[in-house]
Amino acid sequence: MNSTMSNAMPPVQTAPAKPILPMIFALIGPFIGWIGALMVLGSIFVPGLAMIARSGDFLMSVGPMLTAPGLVRAGWSNHQPSWVIGAAAFIPCWTLYFAMPSLKGLAIGVLIFMVGFLFAGLSNDVAPEKRQFNLSQWNPLGFLGFIKDDILLTFKIAFQGFALLLLYPAQLVVSLLQGKGLPAMPWVFSPNHLWASRRMGAFTFSLAGLCSIVANTIPEAHAIGNQLFDIVGGIGAIMMNYSLFNTGLKGKHWLEKLLLFGSVFATIGSSARSTTWGVACDQFGSRMNEMYYSGSDFIKEKE
């Protein structure tokens, strides 16, 4: 009897274990950079921790360099050339940042400029009509053509977006005078078009990077360049992090939920990137965001 019952019982099904090592390798860089940024912030605001500032600076530089391979891999697997070249710039920029303190400002400027390309790729990845280019098929002319089209699309969306933003106050006044209430926000800022706000963020980040490059290469423009860097960088961070925050709201994966916190810290820090605490706060939030970027493939696998 026992034998019959035993034979009739269905075998126990066990779900195959998901490999966690690839995820660990993808996230270790952003995590190390996040710890470094936390140490720098601690050394600034807690006098007794001043001794860890240099170590925090080191980790804050090494983290993004270790992040670069994972970001490049994610950009490659998502067929986004702009994402790949933006991520590849992390290594030389952060090496310069740590190895040559006198060139920190220039390194950050070049980095922010290249992050604009990364954001263009992130925009393509969530666009309704996803733009992709198969990087495994070596085609230099096609690669350059895709980058050129990405740049032109970024300019196009930025022009439309800023034009709509400038017209919005007039629309608001007219709508209120006519008793129609608040008009809808421009479509580029709609939660249903997060790809557009990412594209706006890409434009303003690259523009902010150019301001910093000018500030750190032309002595006469140092003061005004850094001011513009903070202002334009803050605007860019608001636009990009607005998109990321909404992605976090809609997302169910824990990597997506990190965007709810990372986007806030990155926005606060980006408005003062010309200061030590601003850079550290920006990097604190950015490393959390990069855990999402680097782990995007694992999110899609779960879906």
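Now for a look at the structure at hand. Model, not experiment: these values are computed from the prediction.

Once that is clear, we can look at the overall build of the protein chain. Helices and strands together make up the secondary structure of the protein chain, namely 13 helices and zero strands. Along its sequence from the N terminus, the protein chain presents helices and strands in the succession α-α-α-α-α-α-α-α-α-α-α-α-α. Each of the three principal axes of the protein chain carries a C-alpha extent, and together these read 90 × 60 × 45 Å. A total of 303 residues make up the protein chain; the buried ones form 48% of that total. Taking the intrachain contacts of the protein chain between residues at least 6 apart in sequence as the baseline, contacts between residues at least 24 apart amount to 70%. The averaged location of the 13 negative side-chain charges in the protein chain is 5 Å from the averaged location of its 18 positive side-chain charges.

This structure, assessed with the given rule, holds six salt bridges. One salt bridge connects Asp 149 with Lys 148, and the closest N-O pair in it is separated by 3.8 Å. Judged by relative accessible area, which is 48%, Lys 148 ranks as partly exposed. The network of salt bridges with shared partners includes Arg 131, Asp 150 and Arg 199.

Attention now goes to the packing of helix α5 (residues 90–99) against helix α12 (residues 276–294). The geometry of a pair of packed helices is captured by two quantities: the angle between their axes and the separation between those axes. At a minimum axis distance of 16 Å, the contact between α5 and α12 shows a crossing angle of 155°. Comparing their axes, α12 and α5 come out roughly antiparallel. Of the two possible hands of crossing, α5 and α12 adopt the one that is left-handed. Counted together, Phe 90, Trp 94 and Tyr 97 of α5 and Val 279, Gln 283, Arg 287 and Glu 290 of α12 form the full contact between these two elements. Residues belonging to the contact of α5 with α12 are distributed by class as follows: four nonpolar, one polar and two charged.

Once that is clear, we can look at the environment of Phe 146. Mapped onto the fold, Phe 146 is located in helix α7 (residues 140–177). We classify Phe 146 as buried; its relative accessible area is 8%. Measuring from C-alpha to C-alpha, the distance between Phe 146 and Leu 210 comes to 22 Å, with 64 residues separating the pair along the chain.

Bringing the side chain of Glu 290 into the picture now. Note that Glu 290 resides in helix α12. By relative accessible area, which is 4% here, Glu 290 ends up buried. Setting aside its immediate chain neighbours within four residues, Glu 290 contacts Pro 30, Thr 67, Leu 71 and Phe 90.

Let us now look at the nonpolar core. Within the largest apolar cluster, 44 residues are counted, with the highest numbers of intra-cluster contacts made by Phe 90, Phe 119 and Tyr 293. Secondary structure elements with two or more residues in this core: α2 (21–45), α3 (53–77), α4 (81–88), α5, α6 (104–126), α8 (194–215), α9 (222–250) and α12. Broken down by element, the residue count for this core peaks at nine residues, all from α6. Setting aside residues up to four positions removed in sequence, Phe 119 forms contacts with Arg 198, Gly 201, Ala 202, Phe 205, Met 240 and Tyr 293.

Analysis parameters
- Residues numbered from 1 in each chain as written.
- Predicted model: local features only at pLDDT ≥ 70, side-chain atom pairs only at ≥ 80, totals over all residues.
- Heavy atoms only, no water.
- Helix = DSSP H or I, 4+ residues; strand = E, 2+ residues; numbered from the N terminus.
- Buried < 20%, exposed > 50% of the residue type's maximum accessible area, 1.4 Å probe, protein only.
- Contact = heavy atoms within 4.5 Å.
- Lys, Arg positive; Asp, Glu negative; His and termini not counted.
- Charge placed at Lys NZ, Arg CZ, Asp CG, Glu CD.
- Salt bridge = Lys/Arg side-chain N within 4 Å of Asp/Glu carboxyl O.
- Axes fitted to C-alpha atoms, helices over the stretch in contact; angles between N-to-C directions.
- Parallel < 35°, antiparallel > 145°, perpendicular 65-115°, else oblique.
- Left-handed = near helix turned anticlockwise from the far one by under 90°.
- Nonpolar A, V, L, I, M, F, W, Y, C, P; charged D, E, K, R; others polar.
- Core = buried A, V, L, I, M, F, W, Y, C linked by side-chain atoms within 4.5 Å.

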